[in-house]
2 protein chains.
Amino acid sequence: MSAAESAVETIQREMTIFARRARASAGRMHPELSLVSYTLLGHLEERDGCRATDLAAHYALDKSTVSRQVAALERAALIERRLDPEDHRVQVLHLTEAGREILAQVTRSRRAAFRERLAEWPEEDLVRFAAYLERYNAGPAGADAE
Amino acid sequence: MSAAESAVETIQREMTIFARRARASAGRMHPELSLVSYTLLGHLEERDGCRATDLAAHYALDKSTVSRQVAALERAALIERRLDPEDHRVQVLHLTEAGREILAQVTRSRRAAFRERLAEWPEEDLVRFAAYLERYNAGPAGADAE
DNA sequence: AGTCCAAGTTGTACTATACAACTAGAAACC
DNA sequence: GGTTTCTAGTTGTATAGTACAACTTGGACT
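As a further point, take the packing of aromatic side chains. Across all of its chains, the model carries 12 aromatic pairs over all chains by this definition. Residues Trp-121 of chain A and Tyr-132 of chain B carry aromatic rings whose centres are separated by 5.7 Å and whose planes lie at 35° to one another, so their mutual orientation is tilted. Here Trp-121 of chain A is found in the loop between α5 (97-117) and α6 (123-138), whereas its partner Tyr-132 of chain B is found in helix α6 (residues 123-138) on a different chain. A relative accessible area of 8% places Trp-121 of chain A in the buried class. Aromatic side chains Phe-129 of chain A and Tyr-132 of chain B sit 5.6 Å apart centroid to centroid with 50° between the ring planes, which places their arrangement in the tilted category. With one member in each of two chains, Phe-129 of chain A in helix α6 and Tyr-132 of chain B in helix α6 form a pair that bridges those chains. In this structure Phe-129 of chain A comes out as buried when scored by relative accessible area, which is 0%. Note on Tyr-132 of chain B: relative accessible area 5%, which makes it buried. These aromatic residues form a ring-pair network of at least three members: Phe-114, Trp-121, Phe-129, Tyr-132 and Tyr-136 of chain A together with Phe-114, Trp-121, Phe-129, Tyr-132 and Tyr-136 of chain B. Taking the ring centre of Tyr-136 of chain B as reference, the NZ or CZ of Arg-117 of chain A above it sits at 4.6 Å. Here Arg-135 of chain A stacks its cationic end above the ring of Trp-121 of chain B, 4.3 Å away from the centre of that ring.

Right, here's the structure in full:
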């Protein structure tokens, strides 16, 4: 096997390990906010509000799934729905102040964990690793792990 | 923010994106073998058989979860249990021929997807990316995404 | 008006998971 | 050698996340 092929094998294996671990631990780390809820809140913050359908499309989730997630987040008072005056079918979702705070807090704690894990890495390696990951994720949709 | 800090941010964000996508797609890609089942079978192949408790410890799963996964894999005739003659509490799990085949098939298809995604990468980058991922995953347990 | 489409909700089912209570067998201890 | 303690695994129960299908409501387009 060429060096490139064996590197692809390793990348596959290590990405799989990462995904499995992330999945297994997501709920344990932040009981107050699942990985899915976290990414949904993050999306809302980034976009400054969006529709449930946009979330479903972006994360390849069924609209019923998003509907229930949104309902849970609203019950927890982390988001609020505002009826679109242009189209009464549409609910524009916005973070509440509490949602913004929880999101910031979870982001801080995740960031701290990553930072600790990467504490020993030289800056040069961090920058290159980050670039590789971005490049990998920016790749065509539909491939493995997509 | 220093280059190192911003690289850590990027790594966190991209790893999260990857984990979310992997989770969302795991079931769709290989309906015949979930991500968990796949990794369990892979472990069995690599170790040439092991105990349910070893799987639970290695993957940070509850023993009841492993017990049910193992039961499902046995029902599907992908693995078999052999009583340890030394210790009658222990069941040593082994891949069956069918299990070996399914595993090989899913591995091929996952490998093809990764290869396609990485097709444009120069060998040098593949090797470095693989090394970074290994280093990241080899890091101390208990950190984020663990 | 009537048809079709789009956004969201609800009913139902399934999978993965954890925790707790249990059984069966092994080991340790005195 | 019997009692206690530990280990491997199963089963009961509960929860989260997910999909699919059926439905409701509101717009859009003839």
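In this section: the nonpolar core. In this structure, Ile-11, Met-15 and Phe-129 of chain A together with Ile-11, Met-15 and Phe-129 of chain B are the most contacted members of the largest nonpolar core, which totals 36 residues. Every residue in contact with Phe-129 of chain B, bar those within four places of it in the chain, is listed here: Ile-11, Met-15, Phe-129, Tyr-132, Leu-133 and Tyr-136 of chain A together with Trp-121 of chain B.

Moving on: the protein's contact with DNA strand C. Surrounding DNA strand C, one finds 24 residues, the nearest of these being Thr-53, Lys-63, Arg-68 and Arg-81 of chain A together with Ser-64 of chain B. Take the atoms of DNA strand C that sit within 4 Å of the protein: sugar and phosphate atoms are 59% of them. Here a phosphate oxygen of DNA strand C and a backbone polar atom of Gln-91 of chain A are 3.1 Å apart. Contact distances for DNA strand C include 3.0 Å between a phosphate oxygen and a backbone N or O atom of His-88 of chain B. Sorting the residues of the surface near DNA strand C by element identifies α3 (52-59) and α4 (63-75) of chain A together with α4 (63-75) of chain B as the ones contributing at least two each. In terms of residue class, the surface near DNA strand C is built from 5 nonpolar, 9 polar and 10 charged.

Turning to the protein's contact with DNA strand D, a few remarks are in order. The environment of DNA strand D is made up of 24 residues, and the closest members are Thr-53, Lys-63, Ser-67, Arg-68 and Arg-81 of chain B. The share of sugar and phosphate among atoms of DNA strand D within 4 Å of the protein is 59%. In the environment of DNA strand D, a phosphate oxygen lies 2.7 Å from a nitrogen or oxygen atom belonging to the backbone of Asp-62 of chain A. Within the contact set of DNA strand D, a phosphate oxygen lies 3.0 Å away from a backbone nitrogen or oxygen of His-88 of chain A. Of all elements in the fold, only α4 of chain A together with α1 (3-29), α3 (52-59) and α4 of chain B reach the threshold of two or more residues within the surface near DNA strand D. Of the residues in the surface near DNA strand D, the class split is 5 nonpolar, 9 polar and 10 charged.

The next point concerns the sheet that holds strand β2 (residues 79-83) of chain B. Residue and element names in this part refer to chain B. Reading across from one edge, β1-β3-β2 is the order of the 3 strands in this open sheet, with antiparallel pairing throughout. Strands with a single pairing partner mark the edges of an open sheet, and in this sheet they are β1 (50-51) and β2. Two elements, β1 and strand β3 (residues 91-95), share 2 bridges in a ladder whose sense is antiparallel. Bridge assignment links Arg-51 to a residue of β3, and that residue is Val-92.

At the junction of the two partners, chain B supplies 60 residues and chain A supplies 58 residues. Roughly 6,800 Å² of surface becomes buried between chain B and chain A when both sides are summed, with 63% attributable to carbon and sulfur atoms. The shortest N-O distance in the salt bridge between Glu-9 of chain B and Arg-115 of chain A comes to 4.0 Å. Of all the secondary-structure elements, those providing two or more residues to the side of chain B that touches chain A are α1, α2 (35-47), α5 (97-117) and α6 of chain B. Considering each element in turn, the side of chain B that touches chain A owes the most residues, 25 residues, to α1 of chain B.

For the rest of this paragraph, the subject is the relation of the copies chain B and chain A. The transformation that overlays chain B on chain A combines an axial shift of 0.2 Å with a rotation of 180°, and the residual RMSD is 0.3 Å. Taken together, the rotation and translation relating the two chain copies correspond to the operation of a two-fold axis. Across chain B, the smallest distance between a C-alpha and the rotation axis is recorded for Ala-19 of chain B, namely 2.5 Å. A share of 97% of the interface residues of chain B reappears at the interface of chain A, consistent with the copies meeting face to face through the same patch.

Rules and cut-offs
- Residues numbered from 1 in each chain as written.
- Chains lettered and ligands numbered in written order.
- Predicted model: local features only at pLDDT ≥ 70, side-chain atom pairs only at ≥ 80, totals over all residues.
- Heavy atoms only, no water.
- Phe/Tyr/Trp six-rings, centres within 6.5 Å; stacked < 30°, edge-to-face > 60°.
- Helix = DSSP H or I, 4+ residues; strand = E, 2+ residues; numbered from the N terminus.
- Buried < 20%, exposed > 50% of the residue type's maximum accessible area, 1.4 Å probe, protein only.
- Lys NZ or Arg CZ within 6 Å of the ring centre and 35° of its normal.
- Core = buried A, V, L, I, M, F, W, Y, C linked by side-chain atoms within 4.5 Å.
- Contact = heavy atoms within 4.5 Å.
- Near = heavy atom within 4 Å.
- Polar contact = N/O pair within 3.5 Å; in protein donor to acceptor, adjacent residues only side chain to side chain.
- Nonpolar A, V, L, I, M, F, W, Y, C, P; charged D, E, K, R; others polar.
- Pairing = 2+ DSSP bridges.
- Buried area = accessible area lost by both parts, 1.4 Å probe.
- Salt bridge = Lys/Arg side-chain N within 4 Å of Asp/Glu carboxyl O.
- Least-squares fit on C-alpha atoms with pLDDT ≥ 70 in both.

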